[in-house]
Structure formats: structure tokens, C-alpha cells
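Listed below, chain by chain, are the residues.
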Amino acid sequence: MAAIVVVVVAVVRDTQANAAAGQECPAGAPRVTLDLPGDASQVKLRVLNGTRTPGVAEQVTEEFKNRGFVMSKPADNKGKLKDIAVVRYGPKTVGAAQWIRAYFLDEAEPQFSATRNTDVIDIIIGPRFRQLATYTEVNQALAQLSVPTLPPGTCEAP
């Protein structure tokens, strides 16, 4: 009986219970979407070639299109990369960008921009890119990445 009383008192006096609900978003802080999309058709991508090899963006665009993603016309990136890839995204696509990073086994550099107001994720392909991950590898990479987190200075959208 004493244990039940202790538990009830602890729950009633718990000051952390409403901590998340009581936090307000600071004025001007961007609200981000952390939800992972339910389907590839909910994600819009644009692939940019960050290599000196022609046709890379077109190839990767076709691969993502075959997996059900909504694709914009591929293009060349102004600068050239040295690594595998860069994933550029904004507040509307934080959760989706996490999923896209899994297609590169979390080896693509994430670049969040709080001022980016589009729902299209840009993927810049670098010279170290070889291939997109398989469905099994993507699921394993997502498990390792865990749930998307809020970028600094942002709040979660209601």
C-alpha cells in the first residue's frame, strides 16, 4: 500500500510531465516537419551533378524516379563536390531529408537552411557516389539514423 501511495505522489508532483507542452516556439523561429513521409510519392527531389562526369544527375534522377519519388528536372551544380553527396533541405522537409540521407547510408552531408521555403530536396551528387542503397540497406540506415531531430533554432510544426 505504501508503494502505491509513493507512486501516486511521484506522478502528481512530476514537474516534467508538461515540460514539452509548456514550451513555446520563440518568435521568428522556423517551424519544421519531422514526420517521415509514408510514401515516396510524397517526396519531391531535384538531383544536381556535382561531378565532372556528364549524365550523373540524369542517372540518379532515374533511379529515384524508379523508386517512386517525384522528380524535378536534373541539372548541373555550379560547384563541384569532393565527397559522395550533399542533401539540401528546409523546414518543410526535415523528416523527408532524413529518409533521403538513408539512401546514401548517412554518408551524404546534410545541409539545413531555415530560410528555404520549398518542399523540394536538392541532392548534389559528388564523385565518390557509386549507387543508391537497396531497400534493406535504407531501412537499416534509417534505424541507425533514428528519428529526425529539430535543427538548432527551430520548433516542431504542430
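Residues numbered from 1 in each chain as written. Predicted model: local features only at pLDDT ≥ 70, side-chain atom pairs only at ≥ 80, totals over all residues. Heavy atoms only, no water.

Regarding the overall build of the protein chain
Argument step 1. Each helix and strand counted, the protein chain has five helices and eight strands in total.
Argument step 2. What you see in the protein chain, going N to C, is helices and strands ordered as α-α-β-β-α-β-β-β-α-β-β-α-β.
Argument step 3. Within the protein chain, contacts between residues at least 6 apart in sequence are counted, and of these 79% link residues at least 24 apart. (Helix = DSSP H or I, 4+ residues; strand = E, 2+ residues; numbered from the N terminus. Contact = heavy atoms within 4.5 Å.)

Let's talk about the packing of helix 4 (residues 94–102) against helix 5 (residues 135–145)
Argument step 1. The interhelical angle for the contact between helix 4 and helix 5, taken along N-to-C directions, is 125°, at an axis separation of 8 Å. As summarised for this structure, helix 4 and helix 5 are arranged oblique, according to the angle between their axes. Where helix 4 crosses over helix 5, the handedness of that crossing is right-handed. In this structure, helix 4 uses Gln-98, Trp-99, Arg-101 and Ala-102 to contact helix 5, whose residues at the interface are Val-138, Ala-141, Leu-142 and Leu-145.
Argument step 2. Grouping the amino acids of the contact of helix 4 with helix 5 by side-chain chemistry returns six nonpolar, one polar and one charged. (Axes fitted to C-alpha atoms, helices over the stretch in contact; angles between N-to-C directions. Parallel < 35°, antiparallel > 145°, perpendicular 65-115°, else oblique. Left-handed = near helix turned anticlockwise from the far one by under 90°. Nonpolar A, V, L, I, M, F, W, Y, C, P; charged D, E, K, R; others polar.)

Examining the nonpolar core
Argument step 1. Residues Phe-64, Phe-69, Ile-100, Tyr-103, Phe-104, Ile-121 and Ile-125 are the most contacted members of the largest nonpolar core, which totals 34 residues.
Argument step 2. Residue assignment for this core shows that the elements contributing at least two residues are strand 2 (44–49), helix 3 (56–66), strand 5 (85–89), helix 4, strand 7 (120–125) and helix 5.
Argument step 3. Looking at which element gives the most residues to this core, the answer is helix 4, with six residues.
Argument step 4. Every residue in contact with Ile-125, bar those within four places of it in the chain, is listed here: Val-47, Leu-48, Asn-49, Gly-50, Thr-51, Val-56, Val-60, Leu-81, Ile-84, Ala-85 and Phe-104. (Core = buried A, V, L, I, M, F, W, Y, C linked by side-chain atoms within 4.5 Å. Buried < 20%, exposed > 50% of the residue type's maximum accessible area, 1.4 Å probe, protein only.)

Comments concerning the side chain of Thr-154
Argument step 1. Mapped onto the secondary structure, Thr-154 falls in the loop between helix 5 and strand 8 (155–156).
Argument step 2. The exposure class assigned to Thr-154 is buried, which follows from its relative accessible area of 10%.
Argument step 3. At a separation of 2.5 Å, a polar atom in the side chain of Thr-154 contacts the main-chain carbonyl oxygen of Pro-151.
Argument step 4. Apart from the residues lying within four places of it in its own chain, the contact partners of Thr-154 are Pro-30, Val-32 and Phe-112. (Polar contact = N/O pair within 3.5 Å; in protein donor to acceptor, adjacent residues only side chain to side chain.)

Observations regarding helix 4
Argument step 1. Extensive coverage of helix 4 is indicated by the burial of nine of its nine residues.
Argument step 2. Buried within helix 4 we find Val-94, Gly-95, Ala-96, Ala-97, Gln-98, Trp-99, Ile-100, Arg-101 and Ala-102.

Regarding the pattern of salt bridges
Argument step 1. Overall, the coordinates contain five salt bridges when judged by the stated rule.
Argument step 2. A salt bridge links Arg-46 to Asp-122, with the shortest nitrogen-to-oxygen separation between them at 2.8 Å. Within this pair, whereas Arg-46 is found in strand 2, its partner Asp-122 is found in strand 7, the two being separated by 76 residues in sequence.
Argument step 3. Accessibility expressed as a relative area gives 6% for Asp-122, which makes it buried.
Argument step 4. A salt bridge links Arg-128 to Asp-83, with the shortest nitrogen-to-oxygen separation between them at 3.5 Å. Remark: Asp-83 occurs in the loop between strand 4 (75–76) and strand 5 and Arg-128 occurs in the loop between strand 7 and helix 5; sequence separation between them is 45 residues.
Argument step 5. Classification of Arg-128 as partly exposed rests on a relative accessible area of 48%.
Argument step 6. What makes Asp-83 partly exposed here is its relative accessible area of 44%. (Salt bridge = Lys/Arg side-chain N within 4 Å of Asp/Glu carboxyl O.)

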